[in-house]
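Inside the fold
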Amino acid sequence: MFKFAIKDCYEGKFLTKVIDRFKLNEVPKYRELEKYYRVRNKILSRTMDSNKPNNKLAHGFARYISNMATSYFIGKPIKYETEDEEYKELLSKELKNNYIHKINYDVSKEASKKGIGFYLLFLDEGGNIRIKKYDAEEIIPIYSPNLGEFLEGCIRIWEECDIDGVLIAEYAALYDKENITTYKRTSSAGTYQAVDIERHMFADIPVIVVQNNEEMAGDFETVIPLINAYDKAQSDTGNDMEYFSDAYLCIVGANELVEGGGIGEGEEENKKAADLRKDKLLYLDEKGQAYWLTKNVNDASSENYKDRIYKDIFFLSQVPALSDESFAGNLTGVAIKYKLIGLEELAIMKQNSFEAAQKKLVKLVTEYINLRYNKNFDPEIVQQKYERNFIANEAEMITNARNLENIVSRDTQLQMLPANIVPDSRKELEKIQKEMMESEHLPCVDEI
């Protein structure tokens, strides 16, 4: 994490030092984590003697952990609720135009992989607000050295290359609360020079930081050594299987097949060796022996070792293995939640950071709406509602909601039901009221 006053970054030499240090210290880690997510594990680079089997079995634990944690946390879209219907309609329109549910998912997955992800807001040629997801290795957040440690600015970096991948120039865009200052250098050893400055037209820095947790660590980052150990163990097991396939047949006391020190050193010997391969039969005297020369392996010990690593990967990452037999059967909602307790704790940590990021996102979009439509909406009244993405026991949820009759309000009861049954409790109450009026042949409120 970089902490210094943003004014220092305006000077080209200081900016160059920050970017070079980021590329040296942070980018390699992000790229390594991305490799594991794409199942390009360390085992794939293993080398052995040319005459030995070299299986390279890479397992997608990192991909599974990240996808599972992200989908559980934000697989169901965030709901942005407000009682002001006009505000809600305009806000929903702008967010839907930017496919906000997909962007939220992608940013959360980026944070899950690398510990941090970013939103970037900008205005297109038509003056419309646009929201884009950026990877961890593309943006450098700059925080204040003061006690508040608030976001002072951000640096976005990118490269321009020709069709053969040869570098033409490197660029950096420095975002502060008012402007975007663009810098350029023509070689990786050069110094960035300012080439342009423009207003970004937002009331705050149009970059939103999403941290996966306080340590800014990815969900599978801490179990990478275990993933490497499992890959190696499985690959070595594959090597042992090949050793068995390449086992030698030892023949003792069959002198008619072994003359002159080897099999088939004459026409008759060649014929006998061919008959042996064809008929799969050996004719030996009472002193003759034939057996396979194989390597003795303790399969039980090897499998127990791999099982321990397998279980530790899921235990320490707090993500359950859904293929585990403990998830079989018709489990109650409470039982399912108990088995997902680790994943729920992981989701809570993600939500704590995500809520702050979404609050800034709603604030920036609302300020754009107020400016464009000449309104005065307050973003503080918007409530975020998160719903975990897991298979619920709907019958049990319906029963629990029904048992609260005359104890809580009808609205609270409806909110307890799954979103696929009641997506909006307020609209559902309006439908219920309308049906009651129609059944009693009374005019509805909007008809009076």
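Our structure is the block above this text.
The structure displayed is predicted, hence computed values, not measured ones.

**Here we look at the overall build of the chain**
A count of helical and extended segments in the chain gives 13 helices and 15 strands. Counting every position in the chain, which comprises 448 residues, the buried fraction comes to 38%. Contacts spanning at least 24 positions in sequence make up 64% of the contacts within the chain whose residues lie at least 6 apart. Accessible surface, the chain: about 26600 Å² in total, of which carbon and sulfur atoms supply 51%.

**Overview of unusual backbone geometry**
The residue Val-39 is not glycine, and still its phi comes out positive at about 60°. Mapped onto the elements of the fold, Val-39 is located in the loop between α2 (27-37) and α3 (61-74). Classification of Val-39 as partly exposed rests on a relative accessible area of 26%.

**Thoughts on the sheet that holds strand β3 (residues 116-123)**
In spatial order, the strands read β4-β3-β10; together these 3 strands make up an open sheet with antiparallel pairing. The outermost strands of the open sheet, each flanked by one partner alone, are β4 (129-134) and β10 (207-211). Neighbour-to-neighbour, the strand axes of this sheet turn through a mean angle of 20°, independent of strand direction. Pairing of β3 with β4 involves 6 bridges; the strand directions are antiparallel. Its bridge partner being in β4, Phe-122 is matched across the sheet by Arg-130. Along the sheet, helix α5 (residues 100-114) makes contact with β3, β4 and β10, crossing β3 at roughly 145°. Here helix α10 (residues 341-373) sits on the sheet and contacts β3, β4 and β10; the angle it forms with β10, its principal contact strand, is near 165°.

**Describing the sheet that holds strand β8 (residues 179-185)**
Across the sheet, which stays open at both edges, the 6 strands sit in the order β1-β5-β6-β7-β8-β9 with mixed pairing between neighbours. Only two strands of the sheet have a single partner each, and these edge strands are β1 (2-3) and β9 (193-199). Looking at chain direction, strand β6 (residues 151-161) and strand β7 (residues 167-175) are connected through 8 bridges and run antiparallel. Residue Ile-155 lies in a different strand from β7, and its bridge partner there is Leu-174. Contacts between helix α1 (residues 12-25) and the sheet are confined to β1, β5 (139-143), β6, β7 and β8, with β6 contributing the most and set at about 75° to the helix.

**Looking at empty space enclosed by the protein**
Within the structure shown, the criterion is met by 1 cavity of 30 Å³ or more. Here the largest cavity defines a volume of roughly 30 Å³. Lining the largest cavity, in full, are Ser-108, Ala-111, Val-210, Gln-211, Asn-212, Lys-350 and Phe-354. At the level of elements, α5, β10 and α10 are the ones that each hand at least two residues to the lining of the largest cavity. Across the lining of the largest cavity, the residue classes tally to 3 nonpolar, 3 polar and 1 charged.

**Examining a negative patch on the surface**
Taken together, Asp-84, Glu-85, Glu-89 and Glu-430 make up a surface patch of like negative charges. In this fold, Glu-85 is placed in helix α4 (residues 85-97).

**Some details on the side chain of Asn-41**
Relative to the assigned elements, Asn-41 resides in the loop between α2 and α3. With a relative accessible area of 3%, Asn-41 lands in the buried category. Among the polar contacts listed, one links the side chain of Asn-41 to the side chain of Asp-231, at a separation of 2.8 Å. Asn-41 has contacts with Tyr-36, Ala-58, His-59, Ile-227 and Asp-231, leaving out every residue within four places of it along the chain.

**Let's talk about the nonpolar core**
Ranked by internal contacts, the top residues of the largest apolar core, which has 54 residues, are Leu-91, Tyr-119, Leu-121, Ile-131, Phe-220 and Val-365. Once you skip the residues sitting within four places of it in the chain, Leu-121 turns out to touch Ile-129, Arg-130, Ile-131, Phe-202, Pro-206, Ile-208, Leu-361, Leu-364 and Val-365. With 34 residues, the next largest nonpolar core counts Leu-151, Tyr-183, Tyr-192 and Met-216 among its residues.

**Quick word on the pairing of β3**
Counting buried positions along β3 gives 6 out of 8 residues, so the element sits mostly inside the fold. Note that β3 and β10 share 5 bridges and pair antiparallel. If you follow Ile-116 over to β10, its bridge partner there is Gln-211. The turn joining β3 and β4, which pair antiparallel and follow one another in sequence, is formed by 5 residues; a positive phi near 80° is taken by Gly-127.

**A few points about the packing of aromatic side chains**
In the structure shown here, the tally under the stated rule is 13 aromatic pairs. Aromatic side chains Phe-73 and Phe-354 sit 5.5 Å apart centroid to centroid with 85° between the ring planes, which places their arrangement in the edge-to-face category. Residue Phe-73 is found in helix α3, and its partner Phe-354 is found in helix α10; the two are separated by 281 residues along the sequence. Accessibility expressed as a relative area gives 1% for Phe-73, which makes it buried. Each member of the aromatic cluster is reached from another via a ring pair, and the members are Phe-61, Tyr-64, Tyr-230, Tyr-310 and Phe-314. In this arrangement the basic side chain of Lys-113 is found over the ring face of Tyr-37, its NZ or CZ atom lying 4.5 Å from the centre. Its end group placed over the ring of Trp-158, Arg-156 keeps NZ or CZ at 4.1 Å from the ring centre.

**Examining α3**
For the α-helix, the turn length of 3.6 residues means that residues three or four positions removed from each other point alike. Here α3 contains 14 residues, and its C-alpha end-to-end distance of 20 Å stays within 8% of the 20 Å for a straight helix at 1.5 Å per residue. Regarding α3, the residues found buried are Phe-61, Ala-62, Ile-65, Ser-66, Met-68, Ala-69, Thr-70, Tyr-72, Phe-73 and Ile-74.

**Thoughts on the pattern of salt bridges**
Between side chains of opposite charge, a pair can form when the charged atoms approach closely. Applying the stated criterion to the full structure yields 26 salt bridges. Here Lys-133 makes a salt bridge to Asp-135, at a shortest N to O gap of 2.6 Å. By relative accessible area, Lys-133 is classed as partly exposed at 27%.

Parameters and conventions
Chains are numbered independently. Their residues run from 1 in the order of the written sequence. This being a predicted model, a pLDDT of at least 70 is required before a residue's local features are given, and a value of 80 or more before pairs of side-chain atoms are given or counted; all residues contribute to the totals for chains, interfaces and linings. Side-chain numbers here rest on the full set of heavy atoms in the structure, without hydrogens or water. Labels follow the DSSP assignment, with helices taken as runs of H or I lasting at least four residues and strands as runs of E lasting at least two, numbered in each case from the N terminus. For the exposure calls, accessible area comes from a 1.4 Å probe over protein chains only, and a residue counts as buried if that area is under 20% of its type's maximum, exposed if over 50%, partly exposed in between. Whether two residues touch is decided by their heavy atoms; if any such pair falls within 4.5 Å, the residues are in contact. Here the accessible surface of atoms and residues is derived via Shrake-Rupley with a 1.4 Å probe, and residues count as covered only by protein chains that are part of the display. Two strands make a pair as long as DSSP finds a minimum of two bridges between them. Axis geometry follows a simple rule: fit a line to the C-alpha atoms, using only the stretch in contact for helices, then measure angles between N-to-C directions, giving values from 0 to 180 degrees. A pocket, in this scheme, is an open set of points on a 1 Å grid over the protein atoms alone with protein on both sides within 12 Å along at least 5 of 7 lines, while a cavity is a set where a 1.4 Å probe fits but cannot get out; residues line either one if an atom lies within 4 Å of a point. Grid points are joined across faces, edges and corners, and a volume is the space filled by probe spheres set on the points. Residue type decides the class: Asp, Glu, Lys and Arg count as charged, Ala, Val, Leu, Ile, Met, Phe, Trp, Tyr, Cys and Pro as nonpolar, and the leftover types, Gly among them, as polar. A patch consists of residues whose relative accessible area exceeds 30% and which take part in no salt bridge; residues with like charges are grouped when within 9 Å of each other, and nonpolar side chains (Val, Leu, Ile, Met, Phe, Trp, Tyr) when within 5 Å. Take a side-chain nitrogen of Lys or Arg and a carboxyl oxygen of Asp or Glu: if they are within 4 Å of each other, that pair is a salt bridge. Charge assignment: positive for Lys and Arg, negative for Asp and Glu; neither His nor the chain ends contribute. Where a charge lies is defined by one atom per residue type, namely NZ (Lys), CZ (Arg), CG (Asp) and CD (Glu). Pairs of N or O atoms are called polar contacts if they sit within 3.5 Å, as long as, within protein, a hydrogen donor faces a hydrogen acceptor (for residues adjacent in sequence, only side-chain-to-side-chain pairs). Put simply, a nonpolar core is a bunch of buried Ala, Val, Leu, Ile, Met, Phe, Trp, Tyr and Cys residues held in one set by side-chain atoms that sit within 4.5 Å of each other. Pairing of aromatic side chains here covers Phe, Tyr and the six-membered ring of Trp, requires ring centres within 6.5 Å, and sorts the geometry by plane angle: under 30 degrees stacked, over 60 edge-to-face, intermediate tilted. Any Lys NZ or Arg CZ that is within 6 Å of a ring centre and within 35 degrees of that ring's normal is treated as a charge sitting over the ring. Multiply 1.5 Å by the residue count of a helix minus one, and that product is the helix's expected span.

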